[in-house]
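Observations on chain architecture
Now for the letters of each chain:
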Amino acid sequence: MQSNDNAGAAAGQWSSRFAFLMAAIGSSVGLGNIWKFPYMIGTGGGSAFMLVYLICVLAVGLPILIAELTLGRMGRQGPIETLVDLGRRYSGRATWGLVGCVGVLAAVLILSFYSVVAGWSLAYIPKLLTGQMSGLSGAETGKAFNDFLADPLALTFWHALFMLLTIIPVARGIQSGIEKAVVWMMPLLFSLLVVLCIYAGIEGDFTAGMVYLFKPDFGAVTWDVVLAATGQAFFSLSIGLGTMLAYGAYLPGGVSIPRTSVVIVFAAILTAVLAGAAIFPIVFANGLNPSEGPGLVFVTLTVAFGAMPGGAIFGTVFFVLLAIAALTSSVSLLEPIVAAFAGRVRLSRSALAWIGGIVAWVLGFLTLFSFNIWSDVHPLGGTRTWFDWIDFLTSNILLPLGGVMLALFAGWVVTRQDSVAAVGFESPFFYSLWRILVRVVAPIGVVAAVVSNFF
Ligand code: TRP
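The structure reproduced in this document is the subject of the present report. Quantities reported herein were computed from a predicted structural model and do not represent experimental measurements. (Residues numbered from 1 in each chain as written. Predicted model: local features only at pLDDT ≥ 70, side-chain atom pairs only at ≥ 80, totals over all residues. Heavy atoms only, no water.)

What follows covers the packing of helix α9 (residues 206-214) against helix α12 (residues 257-285). For the pair α9 and α12, interaxial distance at closest approach is 7 Å and the crossing angle is 130°. Taken as axis vectors, α9 and α12 run oblique relative to one another. Taken as a pair, α9 and α12 cross one another with a handedness that is right-handed. Where α9 approaches α12, its residues F206, A208, G209, M210, Y212, L213 and F214 are matched on the opposing element by V273, G276, A277, F280, P281 and F284. Class assignment for the residues of the contact of α9 with α12 results in eleven nonpolar, two polar and no charged. (Axes fitted to C-alpha atoms, helices over the stretch in contact; angles between N-to-C directions. Helix = DSSP H or I, 4+ residues; strand = E, 2+ residues; numbered from the N terminus. Parallel < 35°, antiparallel > 145°, perpendicular 65-115°, else oblique. Left-handed = near helix turned anticlockwise from the far one by under 90°. Contact = heavy atoms within 4.5 Å. Nonpolar A, V, L, I, M, F, W, Y, C, P; charged D, E, K, R; others polar.)

With 22 residues, helix α15 (residues 349-370) extends 32 Å between its outermost C-alpha atoms, agreeing within 8% with the 32 Å of an ideal straight helix rising 1.5 Å per residue. Of all the bends in α15, the largest measures some 25° and sits at L363. (Expected span 1.5 Å × (residues − 1). Bend = angle between axes of the 7 residues up to and from the residue.)

Let us now look at empty space enclosed by the protein. Within this structure, the stated rule accounts for one cavity of 30 Å³ or more. Empty space within the largest cavity amounts to approximately 130 Å³. When contributions to the lining of the largest cavity are tallied by element, the ones reaching two or more residues are α1 (17-28), α5 (97-129) and α14 (311-341). By residue number, the principal contributor to the lining of the largest cavity is α14, which donates three residues. Split into classes, the residues belonging to the lining of the largest cavity amount to six nonpolar, eight polar and no charged. (1 Å grid on protein atoms, 1.4 Å probe; cavity = no way out; pocket = protein on both sides within 12 Å on 5 of 7 lines; lining within 4 Å. Points joined across faces, edges and corners; volume = space filled by probe spheres on them.)

This part is about the side chain of E68. Topologically, E68 is positioned in helix α3 (residues 47-75). R73 provides the closest opposite charge to the buried, salt-bridge-free E68, at an N-O distance of 14 Å. (Buried < 20%, exposed > 50% of the residue type's maximum accessible area, 1.4 Å probe, protein only. Lys, Arg positive; Asp, Glu negative; His and termini not counted. Salt bridge = Lys/Arg side-chain N within 4 Å of Asp/Glu carboxyl O.)

The subject of this paragraph is the pattern of salt bridges. In a structure, side chains of opposite charge can pair up when their charged atoms sit close to one another. Throughout the structure, instances matching the rule amount to five salt bridges. For R344, the salt bridge is made with E81, and the minimal N-O distance between the two is 2.7 Å. Here E81 lies in helix α4 (residues 79-91) and R344 lies in the loop between α14 and α15, a separation of 263 residues in the sequence. The exposure class assigned to E81 is partly exposed, which follows from its relative accessible area of 21%. Between K143 and D147 there is a salt bridge, and its shortest N-O distance comes to 2.8 Å. One end of the pair, K143, and the other, D147, are both in helix α6 (residues 138-149), four residues apart, so they sit about a helical turn from each other. Take K143: its relative accessible area is 51%, and that puts it in the exposed class. Accessibility expressed as a relative area gives 43% for D147, which makes it partly exposed.

Below you can see the structure in the form of structure tokens.
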């Protein structure tokens, strides 16, 4: 295979601030906000989860996002190399690179299950387009979904197709591939979510949905909820494994990282809340179970599409957009994997994208079979399937701890002088606030949430 100098950071810069913004929002807004968040609210007890999630995103997620983008722009290389270099520069230790290595591992694991679930949304495109889901009751769409999950062959096909769609743009490089896709689809996705919310407001049990999402229920806040919400905050913002390190490396100097980060966080929260507001009124109006689990979006929204006028069209468009939202996130999982190896091994960017994608695809079978032939297999005992374990390990352990390491690095290791310049806050007050959050609040909060789980 030929070697290619054009890999890694040399792959260039985002062509504009808008393009970067769309790519970063594209990375964070994905299955995490539209598929995972609603079902985690459902299994995590409704508004309690929502409350803790919002606190985590603002007090922990936002400062770590700023830290990660800043480190990326300071290092301007692949995630591992950036940490090795900056580690040497500020502490004389290259071992910081290990954080990048763990991040690559987490990226491969997340990509493996992400592609399986994104495959479901690809599969739902023809299902809605052909009208076979029209007019079904909640119970019937639930059965249709379970029948679909019980067919490993079909799942394999869609999983493969989605992984292929992920590999191609990453193989082609950041600008020609990723940018072009994201700039038009993000606005479209938001619009459609708004339409769905309006529909849910008219046809669904809007009050029950809103009460479920927003009525404060502090009593339901347990350590389990805290950990799950912390993990979800990291997952939904794409932080903790090096995605934003890799994206920050392509960031032009003039872009304000704090401002951009606020926009990214706002977009992630907005999508998650819109998805919840579209789904739960339909859940309650149709007697569906809010703690249905990973099938929630597929079952509930299909009921809505089946009942609304023009639902086949709306439904098709929705699942197309969901698949694209997933795609702009999955490329951001493959990108740091490629960037981590580019330049260190004599393989082209394209070869690395194929290898990374295929490894994740093969690992994906652990998840794929968790929903059918291995649904009763519980590695390490307990009730968790392979999918549950991979999800738990990545979201609840690797991302939070990776994020804490990045926060500590940006807060304690990088000198104050350099970090002031690199982060680029306009106001000294916000700089100090950020610094306290990454030095003390985020590390203590996150470690407490993770450790609580072991007792
Ligand atoms: N944030 C994406 C979502 O919500 C998933 C994702 C993409 C991700 N890149 C990441 C999660 C990096 C953690 C780290 O769907």
